[in-house]
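Examining the three-dimensional arrangement
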Amino acid sequence: MKAIVHANISGLKGLTYEDISERAPGYGEVKVKLKAAGLNHRDLFIMEDRNEGESPLIIGSDGAGRIEAVGEGVFNLTIGANVIINPCIGWEMTHEVPSVPAILGGPSDGTFAEYVTVPATNVVSKPAYLSWEEAGVLPLSALTAYRALFTRGRLQQGEHILIPGIGGGVATYAMLMALAVGAKVSVTSRSETKRQAALSYGAEYAFDSHSNWKDSIGDDTVDLILDSIGPATFRQYFDIIKPNGRIVMFGASSGDQIEIPIRDIFFPQINIIGTSMGSSEEFTEMLQFMERHSLHPIIDKVYPLQDTIQALHRMKQGDQLGNIGIRID
């Protein structure tokens, strides 16, 4: 089968598009013929951390396709069933999610390939209303957004949420989900195109990331801030957040170190909350939420499998609005 394989060199330079052997399903496993997959920043982080001499790795966590074969001990899934990959099995029934997920079935398995073999517990029925591309980009980003908004952020109807740096998959899912529950949504971006797109989806305010946020938002302060940026924007949050407001942090695109304005936290009693991906329980809740509100992922571009490296470069540059998909024919 064809696959995108990472080996020998860290980062994107270590990727190749090549033929590799397919793996038959073992006990309790299923083999899925993939129709689509989705990119995540996690893919970039994994490649940056890999060193020379490590075993070849097929990149990719998100995907959707049809079951091609089932192993012994699998009784609830049939050949030909349309499924979506749940990459977070193992985080069972708890809201205290470990920092490192159990992803897929083994060190060599990934979804940027024509086939993937995974434990049967890692697949769920594909939502029928979604296209293959929409289902393929859904899992990790939508799960991260759902947990950040509702489990950790406790977002309620009528509250005002700010999403700095609108553009990536998690941010766009968060915008759609927050709007679906009747929250007021504001966003920032350096890109006028992205700001206008957010307004067209229903955002209340969309202002330049480098502007004075207090001037832009006035007295319409926010209850919740969803932070994936870190130090570049952190200090501005305290100019626009309400007393008892919540800052939910799930990323650090501008660096790991921040200066904490202590008085700005304890006097107005601000809550700073961490989150990462989600549990399999939350994955089910997320799918139900998406279907109940008929939400469709915002898809930036879809590339054929052989152009996945080009797609990853686009994500690394931060050019996209929404999810970047891979079509696997």
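Overview of the structure. (Residues numbered from 1 in each chain as written. Predicted model: local features only at pLDDT ≥ 70, side-chain atom pairs only at ≥ 80, totals over all residues. Heavy atoms only, no water.)

Structural notes on the packing of aromatic side chains
Remark: the centre distance and the inter-plane angle together describe each pair of aromatic rings, the angle taken between the planes. Under the definition given, this model contains eight aromatic pairs. Taken together, a centroid distance of 5.9 Å and an interplanar angle of 65 degrees make the contact between Tyr146 and Phe289 edge-to-face. Taken together, the positions of Tyr146 in helix 3 (residues 139–152) and Phe289 in helix 10 (residues 280–292) put the pair 143 residues apart, joining distant regions of the chain. Its relative accessible area of 11% is what places Tyr146 among the buried residues. Between Trp213 and Tyr237, the aromatic rings sit 5.9 Å apart at their centres with planes inclined by 35 degrees, giving tilted as the arrangement. (Phe/Tyr/Trp six-rings, centres within 6.5 Å; stacked < 30°, edge-to-face > 60°. Helix = DSSP H or I, 4+ residues; strand = E, 2+ residues; numbered from the N terminus. Buried < 20%, exposed > 50% of the residue type's maximum accessible area, 1.4 Å probe, protein only.)

Things to note about the packing of helix 3 against helix 10
Their axes nearest at 9 Å, the elements helix 3 and helix 10 cross at an angle of 95 degrees. Here helix 10 runs roughly perpendicular to helix 3, going by the angle between their axes. Contacts between helix 3 and helix 10 involve Pro139, Ala142, Leu143, Tyr146, Arg147, Phe150 and Thr151 on the former and, on the latter, Glu282, Phe283, Glu285, Met286 and Phe289. Each residue belonging to the contact of helix 3 with helix 10 can be placed in one class, and the counts come to eight nonpolar, one polar and three charged. (Axes fitted to C-alpha atoms, helices over the stretch in contact; angles between N-to-C directions. Parallel < 35°, antiparallel > 145°, perpendicular 65-115°, else oblique. Contact = heavy atoms within 4.5 Å. Nonpolar A, V, L, I, M, F, W, Y, C, P; charged D, E, K, R; others polar.)

Remarks on the side chain of Asn86
Along the polypeptide, Asn86 turns up in the loop between strand 6 (82–85) and strand 7 (115–119). Residues in contact with Asn86, not counting those within four places in the same chain, are Asn122, Ser280 and Phe283.

A short note on the nonpolar core
Core analysis: the biggest nonpolar cluster contains 46 residues, and Leu138, Leu149, Ile161, Ile163, Met177 and Met286 have the highest contact counts within it. Mapped by element, the contributors of at least two residues to this core are helix 2 (132–136), helix 3, strand 9 (160–163), helix 4 (169–180), strand 10 (184–189), strand 12 (222–227) and helix 10. The contact partners of Met286, leaving out residues within four places of it in the chain, are Leu138, Pro139, Ala142, Leu143, Tyr146 and Met177. (Core = buried A, V, L, I, M, F, W, Y, C linked by side-chain atoms within 4.5 Å.)

Let's talk about the packing of helix 3 against helix 4
Where helix 3 contacts helix 4, the axes come no closer than 8 Å and their chain directions differ by 50 degrees. Considered as vectors, helix 3 and helix 4 are oriented oblique to each other. Helix-helix and strand crossings are classified by hand; for helix 3 and helix 4 the assignment is right-handed. Across from Ser141, Ala142, Thr144, Ala145, Tyr146, Leu149 and Phe150 in helix 3, the residues of helix 4 making contact are Gly169, Val170, Tyr173, Ala174, Met177 and Ala178. Its residues assigned to classes, the contact of helix 3 with helix 4 comprises 10 nonpolar, three polar and no charged. (Left-handed = near helix turned anticlockwise from the far one by under 90°.)

Observations regarding the sheet that holds strand 2 (residues 15–19)
On the basis of which strands lie adjacent, the open sheet formed by three strands has the order 2-1-4 and antiparallel pairing. The open sheet has two edge strands with one neighbour each: strand 2 and strand 4 (57–58). (Pairing = 2+ DSSP bridges.)

These figures capture arrangement, not role.
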